Amino acid sequence: MSNAFAVTVRDHSMAEVAPLGGYASLDLDLRHMGAGGDTGVSEVKVQTSHPSLAAVLAAGAGIVVRRTGSTGTVASGDVVDVEIDESPSGLTSIMFEADDQILVDELAYPDPTVEVSASAMSTFSVALDRRPAAGNGPAETAILELVAANIGPAAGVTRRRYAWLEIPATQSRGNTSRWGARMDSLADICRKIAVPSGLAWRLLQTTDGTVEVQIREPAADPATAVRLSAEAGTVTSLVYRSTARSLDEAIVGGEGAAASRVFTRRTSGSYVTGRRRRVAFLDERNAENLTDLRQPADEALTNAAAVAGMTVTLVERPGTPRYGVDWHLGDVVTAASYRSGTVTDAVQSVRIVHEPGADPVVLPSIGVPGVTDSASQVAAIRRLIDSMLRS
């Protein structure tokens, strides 16, 4: 059986320079929009004698993973750690992060056209960079403008430009509003804009030399969602998890001080008066109007919602839904169990483990983030599943 995935090495300019075929194992750890700055770290192991190892060790090298025979990218990102076993039959472990980390590691300036001096003190003439620039508009437009203005090929500060970053034209999806950014990480502000609108963003190397900002609007219709269940033959094990709402009310403090400071309150629509209440204070001194005060509160309430979710174990075989082909990170899928019922929600994380000669084992977490296990723990899970399937 040939490898299920094609792996290549890219250089610092995102040009794919060497194949990494014949890997010994592949372990992909993929996260939805890098929540909390965690974009996951994946691993590919190859023989230490592999001819492409020199390309892996070059400064700025990265890894690109695609389905064999497909142009669609499953994972891509920079190499962050290499461990070489130089014994005669030794393996080299190559760890690489997701390209979503690019947005985690970059800031949204209050004015993206202003450079911050390295030799003197700098100021910005505005408190917030408001997007869309033209006024109230779709969430997708705001996200793409923020990325383009700060780190796109035509960003206002030449030093910050990434020539290999492709910003697609907006399709004007999502809620209509106007958002402000001030030294937020680009990942944080883009996630805050995307989540209330039901949008999902991701960065992937789509073609040789190009990393693309991708925005999806997953369908929430259970009738059209990919179904993962034991009776459908796609699930070998399932763990159900239910979490309670963690915030019912947010008090937001704006500009001013002491008796002149302004406040507003936002309460979850699901809160029932008289029941135990969970309240938090949010400090938003840079907010300039009521809309600016409400946005962080609404985001906090959305993120604190009660969630029912499942982590399932899939073994991909011909005819079963495949990750990266039939469903993707952030897509809405349906997972069903006999005891816990059905959950239809977004895929928050995916773990894919593959060794040549075996079917890929896929562990998506739906509705709630999954537990990040080490590569060795996941490999042990895979071996256990394989033995169960053979018995």
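Preceding this paragraph is the structure being described.
Residues numbered from 1 in each chain as written. Predicted model: local features only at pLDDT ≥ 70, side-chain atom pairs only at ≥ 80, totals over all residues. Heavy atoms only, no water.

Trainee: Mind showing me how you'd approach the pattern of salt bridges here?
Mentor: Pairing between side chains of opposite charge can happen when the charged atoms of each approach one another. Overall, the coordinates contain 21 salt bridges when judged by the stated rule. Two residues, R10 and D78, come together in a salt bridge whose shortest N-O distance is 2.9 Å. Of this pair, R10 sits in strand β1 (residues 5-10) while D78 is found in strand β6 (residues 73-84), placing the two residues 68 residues apart along the sequence. Look at the salt bridges and you will find they share partners, linking D27, D29, R31, D38 and R351 into a network. (Salt bridge = Lys/Arg side-chain N within 4 Å of Asp/Glu carboxyl O. Helix = DSSP H or I, 4+ residues; strand = E, 2+ residues; numbered from the N terminus.)

Trainee: Is there a simple way to think about unusual backbone geometry in this case?
Mentor: Peptide bonds are mostly trans, and most non-glycine residues show a negative phi. For the bond from R131 to P132, the omega torsion is 0°, close enough to zero to count as cis. By secondary structure assignment, the location of P132 is in the loop between β9 (129-131) and β10 (137-138). Its identity as a non-glycine residue notwithstanding, S172 has a phi of 60°, on the positive side. Mapped onto the fold, S172 is located in the loop between β11 (165-166) and β12 (176-177). Located in the positive-phi region is M183, a residue other than glycine, with phi close to 60°. On the secondary structure map, M183 appears in the loop between β13 (179-181) and β14 (184-185). Residue class for M183 comes out partly exposed when judged on its relative accessible area of 36%. (Buried < 20%, exposed > 50% of the residue type's maximum accessible area, 1.4 Å probe, protein only.)

Trainee: I would appreciate a short explanation of the environment of A148 in the present structure.
Mentor: Structurally, the position occupied by A148 is in helix α3 (residues 139-151). You can call A148 partly exposed: its relative accessible area is 26%. Separated by 36 residues in the primary sequence, A148 and P112 place their C-alpha atoms 9.6 Å from one another. If we ignore the near neighbours within four places in the chain, the residues touching A148 are A154, A155 and I167. (Contact = heavy atoms within 4.5 Å.)

Trainee: Explain the sheet that holds strand β20 (residues 263-267) here, please?
Mentor: Each strand in a sheet pairs with another by means of backbone hydrogen bonds, the pair being arranged parallel or else antiparallel. Taken together, the three strands give an open sheet; going across it, the order is β20-β19-β21, and neighbouring strands pair in mixed fashion. Of all strands in the sheet, those with a lone pairing partner are β20 and β21 (279-283), marking the two edges. Strand-to-strand, the axes of this sheet are offset by a mean angle of 20°, without reference to chain direction. Pairing geometry for strand β19 (residues 249-253) and β20, over five bridges, is antiparallel. In the sheet register, G253 faces β20, and the bridge partner there is F263. This element, helix α5 (residues 290-303), spans β19, β20 and β21 of the sheet and lies at about 35° to β20. (Pairing = 2+ DSSP bridges. Axes fitted to C-alpha atoms, helices over the stretch in contact; angles between N-to-C directions.)

Trainee: In this structure, what is going on with the pairing of strand β2 (residues 16-19)? I would like to understand it.
Mentor: Side-chain direction in a regular strand flips from residue to residue, so the side chains alternate between the two faces of the sheet. In this structure, β1 lies alongside β2, joined through three bridges in antiparallel fashion. Its bridge partner being in β2, T8 is matched across the sheet by P19. A loop of five residues connects β1 with β2, the two strands running antiparallel in sequence, and M14 in this loop sits at a positive phi of about 75°.

Trainee: Honestly, helix α4 (residues 186-194) in this entry has me stumped. Any pointers?
Mentor: Note that an α-helix has 3.6 residues per turn; residues three or four places apart therefore point the same way. The buried fraction of α4 amounts to seven of the nine residues, a majority that puts the element mostly inside the structure. Looking at α4, one finds that the buried residues are L186, A187, I189, C190, R191, I193 and A194. Residues of α4 that are buried make contact with α2 (101-104), β8 (107-108), α3, β13, β14 and β15 (200-207).

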